[in-house]
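For reference, the chains in residue letters:
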Amino acid sequence: MKLKLTPTQNLCVGYLESGFKLIQLGEQFYFIKGERRQKVLPKTLDALVNRGALAHTEHGHYMLSDEFIEHRKRMRVMDEPEQTRH
């Protein structure tokens, strides 16, 4: 898994981590949450799959990969100030 993501790719991951759903309308993909909708390019999604951050479900939907979720958890622990870790 290539862990270095572009700012746009990080933004996409952030949408998914904050509860946005990824839907496809025709040929276009969108992150949606309530009334909010943000367009995302298919090439950005492909790049996230190639980097190992996204995976496809058996129904063809995109979701954060288990490996990437574990990586993010490890990064958060490493970013905590030393006095808060015990």
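Look up a bit, the structure's there.
Residues numbered from 1 in each chain as written. Predicted model: local features only at pLDDT ≥ 70, side-chain atom pairs only at ≥ 80, totals over all residues. Heavy atoms only, no water.

Some remarks on the packing of helix H1 (residues 7–17) against helix H2 (residues 42–50)
How two helices pack is summed up by the angle between their axes together with the distance between the axes. The contact between H1 and H2 brings their axes to 10 Å, and the two run at 85°. Between H1 and H2, the crossing angle belongs to the class labelled roughly perpendicular. Residues Thr8, Gln9, Cys12 and Val13 of H1 lie in contact with H2, whose contacting residues are Thr44, Ala47 and Leu48. Taken together, the residues that form the contact of H1 with H2 break down as 4 nonpolar, 3 polar and no charged. (Axes fitted to C-alpha atoms, helices over the stretch in contact; angles between N-to-C directions. Helix = DSSP H or I, 4+ residues; strand = E, 2+ residues; numbered from the N terminus. Parallel < 35°, antiparallel > 145°, perpendicular 65-115°, else oblique. Contact = heavy atoms within 4.5 Å. Nonpolar A, V, L, I, M, F, W, Y, C, P; charged D, E, K, R; others polar.)

Some words on the packing of aromatic side chains
Overall, the coordinates contain 3 aromatic pairs when judged by the stated rule. On the basis of an interplanar angle of 65° and a centroid distance of 4.7 Å, the ring pair of Tyr15 and Phe20 is categorised as edge-to-face. Tyr15 sits in the buried class, given a relative accessible area of 13%. Residue Phe20 is classed as buried on the basis of its relative accessible area of 6%. Here the aromatic rings of Phe29 and Tyr62 are separated by 5.8 Å at their centres, their planes lie at 75°, and the arrangement is edge-to-face. Taken together, the positions of Phe29 in strand E2 (residues 28–33) and Tyr62 in strand E5 (residues 62–64) put the pair 33 residues apart, joining distant regions of the chain. Judged by relative accessible area, Tyr62 falls into the buried class, the value being 15%. Of note, Arg37 hangs over the ring of Tyr30, and the distance from its end group to the ring centre comes to 4.5 Å. (Phe/Tyr/Trp six-rings, centres within 6.5 Å; stacked < 30°, edge-to-face > 60°. Buried < 20%, exposed > 50% of the residue type's maximum accessible area, 1.4 Å probe, protein only. Lys NZ or Arg CZ within 6 Å of the ring centre and 35° of its normal.)

Some thoughts on the environment of Ser18
Note that Ser18 resides in the loop between H1 and strand E1 (21–25). Along the chain, Ser18 and Lys33 lie 15 residues apart, while their C-alpha atoms are 9.3 Å from each other.

Thoughts on the sheet that holds strand E3 (residues 36–40)
Judged by pairing direction, the sheet is antiparallel, and its 3 strands sit side by side in the order E1-E2-E3 without closing on themselves. Only two strands of the sheet have a single neighbouring strand rather than two, namely E1 and E3. Adjacent strand axes in the sheet meet at a mean angle of 35°, parallel and antiparallel pairs treated alike. Where E1 meets E2, 5 bridges bridge the pair, whose relative direction is antiparallel. Pairing of Leu22 across the sheet is with Phe31, part of E2. The strands touched by H1 within the sheet are E1, E2 and E3, with E2 carrying the most contacts at an inclination of about 45°. (Pairing = 2+ DSSP bridges.)

Structural notes on the side chain of Gln9
Mapped onto the elements, Gln9 comes out in helix H1. Engagement of the side chain of Gln9 in a polar contact is seen with the backbone nitrogen of Thr6, the distance being 3.0 Å. Ignoring sequence-local partners within four residues, the contact set of Gln9 consists of Lys4, Thr44, Ala47, Leu48 and Arg51. (Polar contact = N/O pair within 3.5 Å; in protein donor to acceptor, adjacent residues only side chain to side chain.)

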